[in-house]
Structures are given as C-alpha cells and as structure tokens.
Amino acid sequence: YRFFGEPVVEACVENGASCIDISGEPQFLEGMYLKYNEKAAEKGVYVVGSCGFDSIPADMGVLYTRDKLKGTLTAVESFLSVKSGPEGVGVHDGTWKSAVYGLADEDNLKKLRKQIGYAPVPVVGTKLKKRGFVFYSPEFKEYCITFMGSDGSVVKRTQRYLHTELQQTPVQYGAYVTLGGLGSVIKLMFMGMLFLLLVKFNFGRKLLTKYPKFFSGGYFTKEGPTQKQMDGTSFTMTFFGEGYSEGQDPQNGKPNVKICTEVKGPEPGYIATPIAMVQAGLSLLEDSASLPKRGGVYSPGAAFSKTKLIDRLNKRGVEFSVISKPEV
C-alpha cells in the first residue's frame, strides 16, 4: 500500500466512490486520513482502511467486548493464537515487505502523527499496565510477545473517534500474540534481532526482501501458502476486558467487573481476510443509514460500530462469542 495504495484512494475520492482496503500499514492508513479525510467528507464517500485480518477481528472485537459488558469497559488486552496443521503456516511475502518498509520508516510515522495533531485520548479507570516485550501467560500456558502489527494504532483511532464524536468512554488497549514454548521465543529473538539490524540499511532491506523464506524461518515465501496449509490453519483472538459495573464511577476505585470474549475463524490471511473485506463492503452498501453522518477516512470500528457487520461475520465463519460472563 505504501507504493501502490494512494492512487486508488485518490481516484475513488475524486470520482465519488467509497472504498475499503486490507492494509496493515499505519503510515499508509494515517497518511490517507491526513490527505483525504476532508475531501472524502465533502464528496460524501467513506474510505475505510484495514478491513481484513487482523484489524477487523481486533477493532470489532473490542467493540463487541464493550457491548457485552454490563457497565463501562475501560481496558482490553487481546491475545492472537494461530494454529496450524502438519503442513505448517505459509504467508505471501507482500506482508513481509510491508513489515520491512514499515519498520525502516518508523521516524516518518512519528512526524506524520505530529502533522495530524491527534487530540490525546483520556485514560478512564485504572491505567492499563504495559507488559514486557516477552512474557509468560498463565492463561494460555505459553510465552507471548507484543503484537507488532497495526492493531494498536487502528483501535486507538477508533476509540479516539468514538470518544470525540460520539462522547463514548474510550477503551485502553494492548495487543499480544502467543508464541509457544521457550524454544519458539529463542528462535524468534534471534530472527528478530537480525531483522532489526538489517532493516536499518538499504543493503539489508534488499537482502530481507530478496530472501524472505530464509530470514523468516520459512514462514514468508514468494509463493504464499499451499491449499493444504490454508485448510489446516485457523486463528483465535481472545479478549480480556475489565471495567466498572453499572452505577460505579470509573473515575473512582479499581475496576470491579471482568469479561472474556473471543473471535475465531479460518486461516487468517487468505480465507478470513476476504470474508471480512466482503462483509465490510456489504455493510457500506446495505447499512448506509448506520454509518457515520459524514463521509471521511475511517478505521473499521469508527465506520461500522453501529452496523450489522459483526452479525454478517458471524454467519460466515468469523465468529464472535462471550467466553466468560462479566463477573464482579
């Protein structure tokens, strides 16, 4: 999207067509907001980014968790687990390239955000503690790491919109991914350090993009996954939410209710993503009365919070459910 996405957004906005994409690149997504939000609003069209995996499960999952809690949800942590069959997992190297160029250009993302001049999102309730980069989760009995994708920035944009435009209580959010045992952690740390070293140099980036299979330990390939790999793969995103029961003031005392929800579905990149994208498109067309009042560049949760998107996904195999009811 960094190289090929903008002409599509520009053409859609100029010609009065709404558009969605499946980008996971915060710099592209927020850059489009800066450049086209006002134009899209004037034209009455909706530009909704990151409508695939993993931002639709994450962003809509936080809203689902909020709606299922009787009271005020103030903080959520999500844990992504991807399970594969005997054939393992395969991902096309396009995703790998997004990560390479995104990390290399991190400083420009900070400058972009300064330009946008985001209003700070207030912290309501007890401040969510940031976990270490690697930690052991007793719930999953696995090691976990901070999720490096765009979910954190997408959810934050949604929460900022819901707070400033609809006066809703903003939800703090932390995104993590389960890794497995200690061996997986050591392998990842080694590969991660090599990646972070190479990504700083032009020569290193060329190496990374030329040999994705080698540098990713076989996960990312120029061919993408086989049909057998896709058939054997699935994902689960678990959300642990906390908040305050009805009548309890979130500004006073500690959270007194907890809830656990889940979004699960088939292979994320090539089966769940098209499902999410098509249903987002249908929501744009068929739930138009429930979209934000004015056009603009939106994150999925901001655009679809009042639509039937979650119902649509549930009917097509990307399932949202409550695992444990709110407990005081």
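If you're wondering where the values come from, they're calculated on a predicted model, not measured in any experiment.

A few words now on helix α3 (residues 55-68). Compared with the 20 Å implied by 1.5 Å per residue over 14 residues, the 20 Å span of α3 between its first and last C-alpha is a close match. With 12 of 14 residues buried, α3 lies mostly within the body of the structure. Within α3 the residues assigned to the buried category are Ser55, Ile56, Pro57, Ala58, Asp59, Met60, Gly61, Val62, Leu63, Tyr64, Thr65 and Arg66.

What follows is about the packing of helix α4 (residues 93-104) against helix α8 (residues 202-210). At a closest axis distance of 10 Å, the pairing of α4 and α8 adopts a crossing angle of 165 degrees. It follows that α4 is roughly antiparallel to α8 by the angle criterion. For α4 against α8, the interelement crossing comes out right-handed. Where α4 abuts α8, its residues Asp93, Trp96, Lys97, Val100, Tyr101 and Ala104 lie against Arg205, Leu208 and Thr209.

Here aspartate 93 is to be found in helix α4. Sequence separation between aspartate 93 and glycine 24 is 69 residues; the distance between their C-alpha atoms is 14 Å. Apart from residues no more than four positions distant in its own chain, aspartate 93 is found in contact with Thr209, Pro212, Thr221 and Lys222. A polar contact is formed between the side chain of aspartate 93 and the side chain of lysine 222, at a distance of 3.5 Å.

The omega torsion of the bond from phenylalanine 53 to aspartate 54 falls at 20 degrees, within 30 degrees of zero and hence cis. For lysine 141, which is not glycine, the phi torsion reads 55 degrees and is therefore positive. Relative to the helices and strands, lysine 141 is located in the loop between β5 (134-137) and β6 (142-146). At glutamine 167, a residue that is not glycine, the phi angle is positive and equals roughly 55 degrees. Along the polypeptide, glutamine 167 turns up in the loop between α6 (151-166) and β7 (172-180).

Bringing the layout of surface pockets into the picture now. For the second largest pocket, the calculated volume is near 610 Å³. Around the second largest pocket sit 24 residues that line it, and Tyr161, Thr164, Glu165, Tyr298 and Ala302 are the ones nearest its centre. Examining the composition of the lining of the second largest pocket, we find that 6 residues originate from one element, α6, more than from any other. When grouped by side-chain class, the residues that make up the lining of the second largest pocket number 13 nonpolar, 5 polar and 6 charged.

Here we come to the packing of helix α2 (residues 26-43) against α6. Packed helix pairs are characterised by how far apart their axes lie and by the angle those axes make with each other. Where α2 contacts α6, the two axes come as close as 10 Å, and the packing angle between them is 25 degrees. With respect to their mutual orientation, α2 and α6 come out roughly parallel. For the pair α2 and α6, the crossing hand works out as left-handed. Taken together, the residues of α6 that come into contact with α2 (itself represented by Pro26, Leu29, Glu30 and Tyr33) are Ser153, Val154 and Arg157. Each residue belonging to the contact of α2 with α6 can be placed in one class, and the counts come to 4 nonpolar, 1 polar and 2 charged.

On to the sheet that holds strand β2 (residues 46-48). Adjacent strands of a sheet form backbone hydrogen bonds with each other and so pair up, either parallel or antiparallel. One open sheet holds the 3 strands; their spatial order is β1-β2-β11, and the pairing between them is parallel. The open sheet is flanked by β1 (19-20) and β11 (296-298), the only strands paired with a single partner.

Further remarks concern α4. With 12 residues, α4 ought to run about 16 Å at 1.5 Å a step, and its terminal C-alpha atoms sit 16 Å apart, in line with that. For α4, every residue scored as buried is listed here: Asp93, Trp96 and Val100. For α4, the buried positions fall inside an angular range of 50 degrees around the axis, keeping them on one side. Buried positions along α4 lie against β4 (91-92), α7 (182-198), α8, α9 (212-215) and β8 (220-221).

Applying the stated criterion across every chain, the model contains 0 disulfides. Free of any disulfide, cysteine 12 has its nearest neighbouring cysteine sulfur in cysteine 19, separated by 4.1 Å. When its relative accessible area of 15% is taken as the criterion, cysteine 12 is described as buried.

Its place among the elements puts aspartate 59 in helix α3. Buried charge without a partner: aspartate 59 forms no salt bridge, and the closest opposite charge is arginine 157, 7.8 Å away. When residues no more than four places from it in sequence are discounted, the contact partners of aspartate 59 are Val154, Val155, Thr158, Ser299, Pro300 and Gly301.

With that out of the way, let us pick up the environment of cysteine 51. Among the structural elements, cysteine 51 can be located in the loop between β2 and α3. Take cysteine 51: its relative accessible area is 0%, and that puts it in the buried class. Remark: the alpha-carbon pair of cysteine 51 and methionine 193, spanning 142 residues in sequence, is separated by 30 Å. Discounting residues that sit within four places of it in the chain, cysteine 51 has contacts with Ile20, Asp21, Ile22, Ile56, Thr273, Ala276, Met277, Ala280, Pro300 and Phe304.

Let us look at the nonpolar core. Within the largest apolar cluster, 44 residues are counted, with the highest numbers of intra-cluster contacts made by Ile56, Met60, Phe304, Leu313, Val318 and Phe320. Once you skip the residues sitting within four places of it in the chain, leucine 313 turns out to touch Ile56, Ile275, Ala276, Gln279, Val318 and Phe320. Listed in part, the 13 residues of the second largest apolar core include Cys12, Cys19, Met32 and Val297.

Procedures and definitions
- Residues numbered from 1 in each chain as written.
- Predicted model: local features only at pLDDT ≥ 70, side-chain atom pairs only at ≥ 80, totals over all residues.
- Heavy atoms only, no water.
- Helix = DSSP H or I, 4+ residues; strand = E, 2+ residues; numbered from the N terminus.
- Expected span 1.5 Å × (residues − 1).
- Buried < 20%, exposed > 50% of the residue type's maximum accessible area, 1.4 Å probe, protein only.
- Axes fitted to C-alpha atoms, helices over the stretch in contact; angles between N-to-C directions.
- Parallel < 35°, antiparallel > 145°, perpendicular 65-115°, else oblique.
- Left-handed = near helix turned anticlockwise from the far one by under 90°.
- Contact = heavy atoms within 4.5 Å.
- Polar contact = N/O pair within 3.5 Å; in protein donor to acceptor, adjacent residues only side chain to side chain.
- 1 Å grid on protein atoms, 1.4 Å probe; cavity = no way out; pocket = protein on both sides within 12 Å on 5 of 7 lines; lining within 4 Å.
- Points joined across faces, edges and corners; volume = space filled by probe spheres on them.
- Nonpolar A, V, L, I, M, F, W, Y, C, P; charged D, E, K, R; others polar.
- Pairing = 2+ DSSP bridges.
- Arc of directions from axis to C-beta.
- Disulfide = S-S within 2.5 Å.
- Lys, Arg positive; Asp, Glu negative; His and termini not counted.
- Salt bridge = Lys/Arg side-chain N within 4 Å of Asp/Glu carboxyl O.
- Core = buried A, V, L, I, M, F, W, Y, C linked by side-chain atoms within 4.5 Å.

Any link to function would need more than the numbers given here.
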